[in-house]
Amino acid sequence: MQIKNSKISIKSYLNLLELLNEYRGTHEENRLFALKHEALLQNPKKMLLAWMQKNEFRKTQTLESLSILQKLSILGNFIGLFSLIFGFIAGFGLLSYSGHAPVNVIYYLLFAMFIPLLSMLVSMVSLLSSGTVFNALSLFFPLHWIETVLNFFSFRDKVDVVNTLFSDELKKWMFMSRLQLFSLLFSVGLLFALLVIVISKDIAFSWSTTLNVSNMGFFKLLACIGFPWGHTLPSAIPSVELIEMSHYYRLGENLNTQMIQNADKLGAWWKYLAMVTLFYAIFLRFLLWLATRYGYQEQLEKDFLELDGVQKLLREFNTPFVSTESPKEEKHLEIVKESDEQVSHAVAKVYETIIGWNFSNDEILLVNDAKGISSSNISTVGGNNSFAEDQKVAKEARAEVILYVKSWEPPTMDFIDFLEELLANDNVEEIQVYPLGTVGRNYESDEREVAIWKRKIQGLKSKKVWVIDV
Amino acid sequence: MYSSKESLNNDYPKFAVVGHPNKGKSSIVSSLALDDSVQIGDTPGTTQVKRGFPLKVDGKIIYELFDTPGFQRARRVLSWLNDQEPVSADKKGDVVRAFIAAHRDDERFIDEIELLEPIMNGAGIIYVVDASKPYGSEYETEMEILRWCGQPSMAILNLIGEENYTEQWKSALGHYFRMVRTFNPIKATFREHIELLDSMSQLKEEWTKPIKVAIKVLEDLQQQKIEQTVDSIVSNMVKTLSYIHRQKIVGESATTDEEEKLKHSYREKIIKFEKEQEQNIESIWNHRSIEKVENMLVLDNVGLFSKESASIFGLSQQQLIITGASAGAMGGLGIDLLLGGGSLFLGSIIGGAVGGVGAMMGFDNLYEVKVLGQSIGKRELTVGPMQNLNFPYILLGRSLYHSSVIAKRSHAMRDNIDLEQEEFLTEQIIDSDMRKTLEKVHVSLRKGDEPKEEDLKAYKKVLKESFLGLL
Ligand SMILES: Nc1nc2c(ncn2[C@@H]2O[C@H](COP(=O)(O)OP(=O)(O)OP(=O)(O)O)[C@@H](O)[C@H]2O)c(=O)[nH]1
Ligand SMILES: [Mg+2]
């Protein structure tokens, strides 16, 4: 998966746009991808292209925009060819020399220089100006109308789709660079026509204008136009003599026979005209075309990075993925609802045995006092007692036993172990577990806490043991 | 997914959160690990096996927390340890290892082994107690066992109930732990979370650096979440306020029934946007189980389009006029000054000028309804964009409220949150200066234009500021 250059094409632009509509990856996946392509981290465009390549298979929908694009490019080729032929035909028309009236170089200059210069100027103005000016100016370009009409016929409904895929700015550059290309092709056609005619037949050039221009003045003008190649190619600048010779108005309405004889001399104009076409209509246009291609490419790359979702993707490439959760699923504990089973709602006044789990002797006496409970047999278990001590208490217990517990300390297995030993004592007839709250709350316990005790005791399934809930 | 070489590297700090059952061990882990999938429950023994929560950056573990079951037969464990041949202090850990090895198949000690194992694998001890309940000497058994392990340790006082026995606990714990900290997993703020980590970093010299790294990572993560939250709120604002609902119609013009139906589905759509936005925020803040909590926010009960919502989250008429006016609707008239006196009469006149009192307060004529395309033969009825001047503030107020509640919510929390109306007043959170910036964007969205880049930037900045103020 090597991405050699990071030049964004319209195809990759559309590809990414469509991919992002369907898939954007998670932060974890995207960061992992970026780490695997660490070398590309400095180059977001390359990174995006690589990401796109890797995830391209995820696209499920057919590439509608790509087919539209294909149609557009066929249309473009067609218009390009048309421009070339049109230029050629136009050139032929301009240079048609019947053998009677010589070709007026001024007409030719109009097409090969003045109009191209003017249209290049308009192009530049509209490129440098913002939206509305461009929109207004574009109405003057025939291409705009040709495209509009052709688009309408070739994919009526889809034009809208295409329009929404690109930003206005990008569409402007697209249009302008195509315009330059077609104009360039037109001029090539024109030059081609000139060369074909020069090769295939004699052609006489003349010049005439209603303006009062002297031969010398005209020469200076032409020399000025030919300045860019005047030094390197002096033969491609018409001489004063040639200009004088082909000044049309002097000849009157009728053709001068001498002039016909000098046709080949007059034909020396062609070098000049070819150079004018080559320089103004072709070379300058070519430069402008390159400039618009460049502008288009810049815009495309800018838009590429601004596609919806791209910024998020880039952020994810560059931010470390942090996870804090456990990778291990937890088996959730089923929580049983407590019932009223084995729950006693009254406390007796006298018990045969009082045992305090994790209570000191003094603490038990305080409880007895507060609750008005008495017994001759009081012992403590749990806490720092040894198991032998606890076992002795369990063995010696008899008849009704009340077992004080701290309601807020949930029953541990240590407690259950003791309770089971107590249950194993046949002298014990009944055990009442009494969850007591803190002294601060006058031993009053929380409902929630008592519920925990109830559930635990109910789980023992013994008829001998009860939980006091008063 | 990541290269196994790094995951195998065992050289990062580990901490085992241990203690008596039901004292909030899982709650603490859940809040520190920002993971709300941990089961937390009233029933002791909710956690049955240990579970590791690694903090990973690009797959590399920085530290790992372990949630463990509570001690169940601490006395038996300690008596086994004491029954072994006496050893010097540096060998006591080996005795604990011997205990684990000898009881691997003993059902009675499943919980103890689960909790001792990570400690014997090098984890620091975080002993959790509930300081809202009195201290009892039975805790000494557990602390004694932990002392046998010989690992760096600290204690956390968690206050589950209303009473407070902190002093009692502190003097008892002081005998066993060098460091005692108070941390309430349910109420802890982000700052407190970081402070606790900082304490943990001091347990062992080698841990200080990695934990400092972890703190930096978590702080960055917090910033990212804030940015993402603000981005998400802004994009929902833009999406909702510019939304146009369309529907083809058959007749020449729309019937009132068609119009009502369309208005209804327009509203439904916007409510759906809000719900999606809320879910997005919940996933940014890692609260993935929230939808399982019914009526988590009373926000769900106060419909987006209800009068109640407007009065809680919307601007007062006077504030609305000031905002509308200063944002250009009546530019340069010095409305703020005029309204300084608070003249209601003036207020209603200007209100009328700004767009009708109805457009500000009620929801009846809140959106434009148009029939389009009559000439081409395809008729389309459209509703939107939202014209009500107050609506953006209602929506924004709700989003800010919801996001701040979610952002602050501890991952240990499993209950509902109550909407406390007094606490939240859009007008106070977003002052009139801020509203000027916001209104620029609201105005262009109302017109159906795309807001300018720099306006959106300013919008985000204002939102971030007010969001930070709520955290
Ligand atoms: N109000 C309040 N309740 C808390 C707090 N911490 C924990 N609780 C509650 O205490 C109970 C026990 O919490 P857990 O986190 O499950 O306790 P645990 O230590 O993991 O319990 P086991 O896994 O059963 O050993 C739950 O009902 C919690 O909601 C706290 O800071 N405040
Ligand atoms: Mg737990």
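Below is a summary of the structure that appears in this document. (Residues numbered from 1 in each chain as written. Chains lettered and ligands numbered in written order. Predicted model: local features only at pLDDT ≥ 70, side-chain atom pairs only at ≥ 80, totals over all residues. Heavy atoms only, no water.)

### Considerations on empty space enclosed by the protein
In step 1: Applying the stated criterion across every chain yields a total of 3 cavities of 30 Å³ or more.
In step 2: Here the largest cavity is characterised by a volume of approximately 190 Å³.
In step 3: Around the largest cavity sit 19 residues that line it, and A:Trp357, A:Asn358, A:Thr412, A:Asp414 and B:His20 are the ones nearest its centre.
In step 4: Counting residues per element, the ones that place at least two in the lining of the largest cavity are helix H19 (413–424) of chain A together with helix H3 (74–83) and helix H6 (139–149) of chain B.
In step 5: Here the residues of the lining of the largest cavity sort into 7 nonpolar, 6 polar and 6 charged. (1 Å grid on protein atoms, 1.4 Å probe; cavity = no way out; pocket = protein on both sides within 12 Å on 5 of 7 lines; lining within 4 Å. Points joined across faces, edges and corners; volume = space filled by probe spheres on them. Helix = DSSP H or I, 4+ residues; strand = E, 2+ residues; numbered from the N terminus. Nonpolar A, V, L, I, M, F, W, Y, C, P; charged D, E, K, R; others polar.)

### Examining the interface of chain A and chain B
In step 1: Taken together, the contacts link 47 residues of chain A with 54 residues of chain B.
In step 2: Between chain A and chain B, roughly 4400 Å² of surface is buried when both sides are summed, and carbon and sulfur atoms account for 48% of that area.
In step 3: For A:Arg31, the salt bridge is made with B:Asp58, and the minimal N-O distance between the two is 2.7 Å.
In step 4: For the side of chain A that touches chain B, the secondary structure elements donating two or more residues are helix H2 (27–36), strand E3 (322–323), helix H18 (387–396), H19 and helix H20 (447–460) of chain A.
In step 5: Of all the elements, H2(A) adds the most residues to the side of chain A that touches chain B, at 5 residues.
In step 6: Broken down by class, the residue content of the side of chain A that touches chain B amounts to 15 nonpolar, 15 polar and 17 charged. (Contact = heavy atoms within 4.5 Å. Buried area = accessible area lost by both parts, 1.4 Å probe. Salt bridge = Lys/Arg side-chain N within 4 Å of Asp/Glu carboxyl O.)

### Overview of the sheet that holds strand E4 (residues 124–130) of chain B
In step 1: On the basis of which strands lie adjacent, the open sheet formed by 7 strands has the order E3(A)-E2(B)-E3(B)-E1(B)-E4(B)-E5(B)-E6(B) and mixed pairing. Looking at which strands have only one partner, the edges of the open sheet turn out to be E3 of chain A together with strand E6 (179–182) of chain B.
In step 2: Here 4 bridges tie strand E5 (residues 153–158) of chain B to E6(B), and the two strands are oriented parallel to one another. Bridge pairing in E6(B) links B:Met154 to B:Met179.
In step 3: Contacting strand E1 (14–19), strand E2 (51–57), strand E3 (60–67), E4 and E5 of chain B, helix H2 (residues 25–32) of chain B runs over the sheet at an angle of about 160° to E3(B).
In step 4: In the packing of H6(B) onto the sheet, contacts are made with E1 and E4 of chain B, and the angle to E4(B) comes to roughly 170°. (Pairing = 2+ DSSP bridges. Axes fitted to C-alpha atoms, helices over the stretch in contact; angles between N-to-C directions.)

### Focus on the sheet that holds strand E5 (residues 353–357) of chain A
Where strands meet in a sheet, backbone hydrogen bonds hold them as pairs that are either parallel or antiparallel.
Residue and element names in this part refer to chain A.
In step 1: Across the sheet, 6 strands lie side by side as E4-E9-E8-E7-E5-E6; this open sheet has parallel pairing. The two strands at the open ends of the sheet, each matched to only one other strand, are strand E4 (343–344) and strand E6 (377–381).
In step 2: Where strand E7 (residues 399–406) meets strand E8 (residues 428–436), 8 bridges bridge the pair, whose relative direction is parallel. Counterpart to Val405 in the pairing with E8 is Pro435.
In step 3: Of the strands in this sheet, E5 and E6 touch H18, which is tilted by about 145° from E6.

### A look at the pairing of E1(B)
All names here are of chain B.
In step 1: Summarising burial for E1: 6 of the 6 residues are buried, a large majority.
In step 2: Where E1 lies against E3, 4 bridges are found, and the strand directions are parallel. Opposite Val17, over in E3, you have Asp67 as the bridge partner.
In step 3: Note: E1 against E4, 5 bridges, orientation parallel. Paired with Phe15 across the strands is Gly124, a residue of E4. (Buried < 20%, exposed > 50% of the residue type's maximum accessible area, 1.4 Å probe, protein only.)

### Some remarks on the site of ligand 1
All names here are of chain B.
In step 1: Close contacts around ligand 1 come from 22 residues, with Ser26, Ser27, Gly45, Thr47 and Asn184 the closest.
In step 2: At 2.7 Å, a side-chain N or O of Ser26 approaches an oxygen atom of ligand 1.
In step 3: Take Ser27: an N or O atom from its side chain is 2.7 Å from an oxygen atom of ligand 1.
In step 4: Taking 650 Å² as the accessible area of ligand 1 by itself, protein coverage stands at 88%.
In step 5: Judged by the fraction of its atoms near the pocket grid, ligand 1 is located in the second largest pocket.
In step 6: Here the residues of the shell around ligand 1 are counted per class, giving 7 nonpolar, 12 polar and 3 charged. (Near = heavy atom within 4 Å. Polar contact = N/O pair within 3.5 Å; in protein donor to acceptor, adjacent residues only side chain to side chain. Areas by Shrake-Rupley, 256 points an atom, 1.4 Å probe, with all protein chains shown as cover. Sits in = over half its atoms within 2 Å of the grid points.)

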